[in-house]
Amino acid sequence: MNMKEERIKQGEKAALVGAFSIILLSILEALIGLFSSALILVSDALHNLTDSLVLFASWLGLRISRRKPTEKFPFGFYKAENLISLLISIFIVYAAFELLIEGYQRIFVLTEFKMPLEVFGITIVSIIFSYFLAVYLIKKGKKVNSQALIVNGKERRAHVLSGIAILLVVFLSFYKVPYVEGLAVIFFSILVFRDGIISAKDSIFSLLDVSPGKEIEKRVKKEILSVKGVKRIKEIKLRRSGPFILGEAKIEVEEKTDVKKAHKIADLVEEIVKEKFDEIISFSIHFEPFERREIIIAIPTNENKKLNSKVSKEFSRANFFVLVKVDRKAKKVKKVVVKKNKFKEKKIRVGLTVGNFLVNQKVDIVICKEIGGIAFNTLRSNFVEIFRIKKDLTIKESIEKFLKGKLEIVEKPTRKSG
Ligand SMILES: [Zn+2]
C-alpha cells in the first residue's frame, strides 16, 4: 500500500469513529430527552444525527477515492448515496419543523424535567465528548490532509459552546425560569432546519450533475496550465457525482508536439489533476495542436549582417544567433535581433547551454546546417522544432524557404557534438 492510500485509510477510520460516537451520543440524548421531557436535548440529538450523516458521507468519500482508477467505476453507487442523503435530509427538515412547533408550545408551559440528573449528566458528557472529538478530527484531518475532516472537527468544536448554552438552559429551566427552554428549542431547531435544507439542496444538485463551482474550476485550470507543453485550455467541464467530481478538458498543446508526446502530456495532466484533487476521480483530456501566428526562428551565423548573413555550419559554436520574429500567415518578417553567442568558447556542455539559451529566448523554430546531439535533445524536449538547410543560404533565403514549407525537418542530430 502506498503512502497516499495509507493516509486516506487513516482518514476513513477517523471519520467512522466520529460518525459512530456521535450517533451513540445522539441516541442517548434522544432517549433521555424523551423520557425526561427535555425537548432541548431532543433538538440537540437531531442536530447530532445530521452531523453524523455528514461524517458518514466523508467516510464514504474517502473510501471510494482510495479505489484504483483501473477498477470499474461505480457511477450508480454515488447516485445512491445522493438519494439516501436526500431522503435523510427531508426527514431532518421535517423533524426540525416538528421541533420548532413543539418549542413554540413549550414557551407557554413551565418545564419540569422528570430525570434532572440524567439531563445534566448527558449534557456535560456531550460537552466533554465534543471537545475531544473536535481535537481528534482536526488533528487527523491535518495529518491526512482531509478538508472534510477538518471542517467536521471545527463544527464539532462549536458544540462545546452550544453544549454550555444547553447546560445553562437546563439549569434555568430546572429552577423554573419560564420561556428559556422553548426559545432555545426554537433557536436550535431553526439551525437544524437550515442544515437540513442545505444538505437536501446539495443532494438534489448532485443528482442533477451540478457543476462543483468556479473556485475549484479555477484551481484545476491552474494545475493544467502548469504542465509543460500545455498552451491553452479551450474548454473545461466539471460535474459533481456524489461526494466526487468528474471532469473533462479540451487543451491545446504546443503545435510541434507529435501525437505520442501529446498523449503523454494528456496523461500527465490527468495524473496531476487526480493527484492534487482528492475529490476528482475521473478526468479525461482531449487535445489539439495550438496554432500561433507569430513565431521566433533562431539561425546560427558567423557574420553580423542581420538577414543577409550566411547560415553557419557551426551551431553551438557559431558567433551569433539571429532571432527572427515571423508572421506566418502574412509570411512576413516582423523583427530581427542579433544575439552574440557568449557560450561559444565554453569547454563543456556548450550544446546544453546554447539550447537552454534559445529556449529562454522563446525560440519556436531553429534553422541550421548541422546540429549536435545535446543541443538537439535540449531543444526538442522543449518543443523547439529544428529544420535543416543543405545549400549555402543567407538567413533571409532560408526563412523564405521555411515559410514556403520547403525545409526538411530534422528528426535526429546530424553530428555528435556542437
Ligand atoms: Zn453540529
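Residues numbered from 1 in each chain as written. Predicted model: local features only at pLDDT ≥ 70, side-chain atom pairs only at ≥ 80, totals over all residues. Heavy atoms only, no water.

Colleague: Just checking my understanding: could you explain the overall build of the protein chain for this structure?
Modeller: If you tally the helices and strands in the protein chain, you get 11 helices and nine strands. In terms of overall dimensions, the protein chain is more spread out than a globule: its C-alpha atoms have a radius of gyration of 34 Å, far above the 22 Å expected for 418 residues. Across its three principal directions, the C-alpha atoms of the protein chain cover 105 × 40 × 40 Å. Within the protein chain, the fraction of its 418 residues that count as buried is 45%. For the protein chain, restricting intrachain contacts to residue pairs at least 6 apart in sequence, the fraction spanning at least 24 positions comes to 68%. Across the protein chain, 75 positive and 47 negative side-chain charges occur, with their mean positions spaced 10 Å apart. (Helix = DSSP H or I, 4+ residues; strand = E, 2+ residues; numbered from the N terminus. Rg over C-alpha atoms; globule rule 2.2 N^0.38 Å. Buried < 20%, exposed > 50% of the residue type's maximum accessible area, 1.4 Å probe, protein only. Contact = heavy atoms within 4.5 Å. Lys, Arg positive; Asp, Glu negative; His and termini not counted. Charge placed at Lys NZ, Arg CZ, Asp CG, Glu CD.)

Colleague: How do you make sense of the sheet that holds strand S5 (residues 320-327) when you look at a structure like this?
Modeller: Picture the strands of a sheet paired through backbone hydrogen bonds; they go either parallel or antiparallel. In spatial order, the strands read S6-S5-S4-S7-S8-S9; together these six strands make up an open sheet with mixed pairing. The open sheet is flanked by strand S6 (332-340) and strand S9 (408-409), the only strands paired with a single partner. Where strand S4 (residues 294-301) and strand S7 (residues 365-368) come together, two bridges link them in parallel fashion. Residue pairing in the sheet places Ala298 in a bridge with Val366 of S7. Taken strand by strand, helix H9 (residues 350-360) contacts S4, S5, S6 and S7, and its axis lies near 30° from that of S5. Relative to the sheet, helix H11 (residues 395-403) contacts S4, S5, S6, S7 and strand S8 (385-388), its axis offset from that of S4 by approximately 140°. (Pairing = 2+ DSSP bridges. Axes fitted to C-alpha atoms, helices over the stretch in contact; angles between N-to-C directions.)

Colleague: How should I be thinking about the packing of helix H4 (residues 116-144) against helix H5 (residues 147-174) in this particular structure?
Modeller: Between two packed helices, the angle of one axis relative to the other and the distance separating the axes together describe the packing. Contact geometry of H4 with H5 gives a least axis separation of 7 Å together with a crossing angle of 165°. The angle between H4 and H5 places the two elements in the roughly antiparallel class. Like other packed secondary-structure pairs, H4 and H5 cross with a definite hand, here left-handed. (Parallel < 35°, antiparallel > 145°, perpendicular 65-115°, else oblique. Left-handed = near helix turned anticlockwise from the far one by under 90°.)

Colleague: Please explain the pairing of S5 as it appears in this structure.
Modeller: A regular strand places its side chains on the two faces of the sheet in alternate fashion. Extensive coverage of S5 is indicated by the burial of seven of its eight residues. One ladder, built from eight bridges, connects S4 with S5; its direction is antiparallel. Opposite Ile296, over in S5, you have Lys325 as the bridge partner. Relative to S6, S5 runs antiparallel, the two being bridged by eight bridges. Each bridged residue has a counterpart across the sheet, and for Val324 the counterpart in S6 is Val336. Here S5 folds back onto S6 in antiparallel fashion, the turn holding four residues, of which Lys331 has a positive phi close to 55°.

These figures come from the coordinates and say nothing about function on their own.
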